[in-house]
2 protein chains.
Amino acid sequence: MSTARYEQVKEHVLRRIASGALRVSDRVPSENELVSKLKVSRMTANRALRELAEEGYLVRVAGVGTFVAERRVHAHPLEVHNIADEVRARGHEYSCKVLKLAEIEADETIAARFGLAVGARLFQSLLLHYESSTPLQLEDRYVNALLVPGYLKVDFTRQTPHEYLMHQAPLHRAEHTVQAIVPDARIAKLLKLGPSEASLLVRRRTWSNDKLATIADLYYPGSRYELSGTFKP
Amino acid sequence: MSTARYEQVKEHVLRRIASGALRVSDRVPSENELVSKLKVSRMTANRALRELAEEGYLVRVAGVGTFVAERRVHAHPLEVHNIADEVRARGHEYSCKVLKLAEIEADETIAARFGLAVGARLFQSLLLHYESSTPLQLEDRYVNALLVPGYLKVDFTRQTPHEYLMHQAPLHRAEHTVQAIVPDARIAKLLKLGPSEASLLVRRRTWSNDKLATIADLYYPGSRYELSGTFKP
DNA sequence: AAGTGGTCTAGACCACGAA
DNA sequence: TCGTGGTCTAGACCACTTG
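From a predicted model like this one, the values you see are computed outputs, not experimental measurements.

About the cut-offs
- Residues numbered from 1 in each chain as written.
- Chains lettered and ligands numbered in written order.
- Predicted model: local features only at pLDDT ≥ 70, side-chain atom pairs only at ≥ 80, totals over all residues.
- Heavy atoms only, no water.
- Helix = DSSP H or I, 4+ residues; strand = E, 2+ residues; numbered from the N terminus.
- Buried < 20%, exposed > 50% of the residue type's maximum accessible area, 1.4 Å probe, protein only.
- Contact = heavy atoms within 4.5 Å.
- Areas by Shrake-Rupley, 256 points an atom, 1.4 Å probe, with all protein chains shown as cover.
- 1 Å grid on protein atoms, 1.4 Å probe; cavity = no way out; pocket = protein on both sides within 12 Å on 5 of 7 lines; lining within 4 Å.
- Points joined across faces, edges and corners; volume = space filled by probe spheres on them.
- Nonpolar A, V, L, I, M, F, W, Y, C, P; charged D, E, K, R; others polar.
- Pairing = 2+ DSSP bridges.
- Axes fitted to C-alpha atoms, helices over the stretch in contact; angles between N-to-C directions.
- Near = heavy atom within 4 Å.
- Polar contact = N/O pair within 3.5 Å; in protein donor to acceptor, adjacent residues only side chain to side chain.
- Parallel < 35°, antiparallel > 145°, perpendicular 65-115°, else oblique.
- Left-handed = near helix turned anticlockwise from the far one by under 90°.
- Salt bridge = Lys/Arg side-chain N within 4 Å of Asp/Glu carboxyl O.
- Expected span 1.5 Å × (residues − 1).

Asks: I'd like to hear about the overall build of chain A, residue by residue, with values.
Replies: Counting its secondary structure elements, chain A contains seven helices and ten strands. Sorting the 233 residues of chain A into buried and exposed places 48% on the buried side. In chain A, the share of contacts with a sequence separation of at least 24, taken over all contacts with a separation of at least 6, comes to 59%. Counting every atom, chain A has about 12200 Å² of accessible surface; 51% of that belongs to carbon and sulfur.

Put into structure tokens, the structure is as follows:
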């Protein structure tokens, strides 16, 4: 089984952009040119260019041509970022306090979210991430002990879970939900929230090799954090 | 100019889901069945079903069939969707109440967000979108009167702003921020929120032809709405 | 064996924009 | 007028699942 032809065409165009052969606003080979150069049918060339345009890499104008799109300005808010990099990119000091780091057995709730049996071995970490001495994110994370056996030995004041996990179990898929909640007293205290301040809760599940590697509940102070992003159709 | 055939097929399937004729996990007509019933080619049926699957409405399994997807999670937070389609795809009834629809002059705040002069002509709509008689989204929208002159004449109980604007000023770029807030009393009442319930605020700015066409503040009940997204590296 | 989705082709017609 | 993207068709081959 080989890759689909339209995927090969997509990769061909992306490589030409990556190599610098095609730059922003350059004209990309037309469908007919791809037909003769790459020996594919026009429907195949069309699907390749259409999907690249949907994904934001190209801009197509009927009657004119296809062009390399401008680079997407901002990162997608639901991409998996390293919070330490984010903070430092804003020119602030990053630090982290480890509130909990332990092996646990999955109770019913966690087992259901993980799709594992009750009593399965898990590691849990509860970390508070600071931006220049202000709490920015409370991270409550559960990790599949079988996939990431060394998790308990990590010094999370020196290395974020993101950095460690990217090495141990590179993610293949991530799923997020975003909710607004009024946090309970414990969370409000940790995040130094005012009495009637909301919190943004991002629940993330991350898969590695089709196995659920980690679940993270990320709490942000509603007043001090915004997810943002740009979308091009 | 008529709508593309594959779009008609997509709408046909979405309508059958909306009407309840197709429920979650039901089998959707196969490509070959659509070919004979709707008199389209298989490539056209394929594109329709493939795109609906990409958009999360359907799940396809090679060798087995196409099925209505579970939709407990909601739209991708940073894509611009039609809320009526979303609600109907979940098999619920969509309705909309128009709370305000008027021409206004930009005050300082709005003028700054729009990048226009104070006193510029704008249209404002305040709409409450319902999912089966439960408020799902409060939409406070400002529209550039020069770009969309007919906005005040639209019957938003029959057509969402999304549907109308996609025709009048197709979006080229959208920018979002997502926040958690504790809403004021007016918003809480409209969304039928409990006393200590948070709200998700999505602020969206949409450009058409490099001109800022519309600004929308979208309020969701924190307890009844989740934004979700899947990320593949 | 029959049906499904996944893909690919060669050819076609259209509206549009540029020369 | 010519090239472009946008769409559509009829038919084909494949791998896979299910009865």
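Read on, since the account is not over.
Asks: With reference to specific residues and values, describe empty space enclosed by the protein.
Replies: All names here are of chain A. Scanning all chains against the criterion turns up four cavities of 30 Å³ or more. Here the second largest cavity is characterised by a volume of approximately 130 Å³. As for the second largest cavity, its lining consists of eleven residues, of which Arg141, Leu165, Leu171, Thr206 and Thr214 are closest to the centre. Mapped by element, the contributors of at least two residues to the lining of the second largest cavity are α6 (161-168), β8 (199-208) and β9 (211-221). Take the lining of the second largest cavity: its biggest share by element is three residues, from α6. Taken together, the residues of the lining of the second largest cavity break down into six nonpolar, three polar and two charged.

Asks: Let's hear about the sheet that holds strand β3 (residues 65-68) of chain A: which residues, and what values?
Replies: Residue and element names in this part refer to chain A. With antiparallel pairing, the three strands of this open sheet are ordered in space as β1-β3-β2. This sheet does not close on itself; its edge strands, each paired only once, are β1 (27-28) and β2 (58-61). Alignment of β1 against β3, held across two bridges, turns out to be antiparallel. Its bridge partner being in β3, valine 28 is matched across the sheet by threonine 66. The sheet strands contacting helix α3 (residues 42-54) are β1, β2 and β3, and the helix crosses β2 at an angle near 115°.

Asks: Can you tell me about the sheet that holds strand β3 (residues 65-68) of chain B, naming the residues and giving the values?
Replies: Spatial strand order, β1-β3-β2 (chain B): three strands in an open sheet with antiparallel pairing. The sheet terminates laterally at β1 (27-28) and β2 (58-61) of chain B, the two strands that pair on one side only.

Asks: Requested: an account of the protein's contact with DNA strand D, with residues and values cited.
Replies: With respect to spatial proximity, 27 residues lie near DNA strand D, and among them Arg42(A), Met43(A), Arg5(B), Ser41(B) and Thr44(B) are the closest. At the protein interface, 62% of the atoms of DNA strand D within 4 Å belong to sugar or phosphate. Interatomic distance of 3.3 Å between a side-chain N/O atom of Ser30(A) and a phosphate oxygen of DNA strand D. Here a phosphate oxygen of DNA strand D and a side-chain polar atom of Tyr6(B) are 3.1 Å apart. Of all the elements in the fold, those that place two or more residues in the surface near DNA strand D are α2 (31-38), α3, β2 and β3 of chain A together with α1 (5-18) and α3 (42-54) of chain B.

Asks: Any chance you could break down the packing of α3(A) against α3(B) for me, citing the residues and the numbers?
Replies: In contact at an axis separation of 15 Å, α3(A) and α3(B) are set at 20° when each is read in the N-to-C sense. On the basis of their axis angle, the class for α3(A) and α3(B) is roughly parallel. Helix-helix and strand crossings are classified by hand; for α3(A) and α3(B) the assignment is right-handed. Here Met43(A), Arg47(A), Arg50(A), Glu51(A) and Glu54(A) of α3(A) come into contact with α3(B), specifically with Met43(B), Arg47(B), Arg50(B), Glu51(B) and Glu54(B). In terms of residue class, the contact of α3(A) with α3(B) is built from two nonpolar, no polar and eight charged.

Asks: How would you explain the pairing of β3(A) if you had to name every residue and give the values?
Replies: All names here are of chain A. Strand direction decides the pairing type here: β2 and β3, joined by four bridges, are antiparallel. The residue bridging valine 61 from the neighbouring strand is glycine 65, located in β3. Here β2 hands over to β3 after three residues, with glycine 63 in that stretch at a positive phi of 85°.

Asks: Describe the environment of Glu7(B), listing the residues and the values that go with them.
Replies: With respect to the element layout, Glu7(B) can be found in helix α1. With relative accessibility at 27%, the residue Glu7(B) sits in the partly exposed group.

Asks: Can you break down the protein's contact with DNA strand C residue by residue, with the values?
Replies: Neighbouring DNA strand C are 27 residues; Arg5(A), Ser41(A), Thr44(A), Arg42(B) and Met43(B) lie closest to it. The sugar and phosphate moieties of DNA strand C supply 62% of its atoms located within 4 Å of the protein. One nitrogen or oxygen atom from the side chain of Arg47(A) is found 3.4 Å from a phosphate oxygen belonging to DNA strand C. The separation between a base nitrogen of DNA strand C and a polar side-chain atom of Arg42(B) is 2.6 Å. When residues of the surface near DNA strand C are traced back to their parent elements, those giving at least two are α1 (5-18) and α3 of chain A together with α2 (31-38), α3, β2 and β3 of chain B. With four residues, α3(A) is the single largest residue contributor to the surface near DNA strand C.

Asks: Describe the pattern of salt bridges, and please don't skip the residues or the numbers.
Replies: Counted under the stated rule, the structure contains 20 salt bridges over all chains. Residue Arg141(B) pairs with Glu139(B) through a salt bridge whose shortest N-O separation is 2.6 Å. Look at Arg141(B) and you get buried, because its relative accessible area is 6%. The class of Glu139(B) is buried, set by a relative accessible area of 3%. Members of the salt-bridge network, linked through shared partners, are Lys10(A), Arg47(A), Glu51(A) and Arg50(B).

Asks: I'd like a description of the packing of α2(B) against α3(B), backed by residues and values.
Replies: All names here are of chain B. Running from N to C, α2 and α3 cross one another at 120°; their axes reach a closest spacing of 9 Å. Considering their axes alone, α2 and α3 lie oblique with respect to each other. When you trace α2 past α3, the crossing you get is right-handed. Here Glu31, Asn32, Leu34 and Val35 of α2 come into contact with α3, specifically with Arg42, Ala45, Asn46 and Leu49. Per-class residue counts for the contact of α2 with α3 are four nonpolar, two polar and two charged.

Asks: Quick rundown of α3(A)? Include the residues and the values.
Replies: Since the α-helix packs 3.6 residues into each turn, any two residues three or four apart lie on the same face. Residues and elements named next belong to chain A. The end-to-end C-alpha distance of α3, which contains 13 residues, comes to 18 Å, matching closely the 18 Å that a straight helix rising 1.5 Å per residue would cover. In terms of residue burial, α3 counts as a mostly covered element, since ten of its 13 residues are buried. Of the residues making up α3, those classed as buried are Thr44, Ala45, Asn46, Arg47, Ala48, Leu49, Arg50, Glu51, Leu52 and Ala53.

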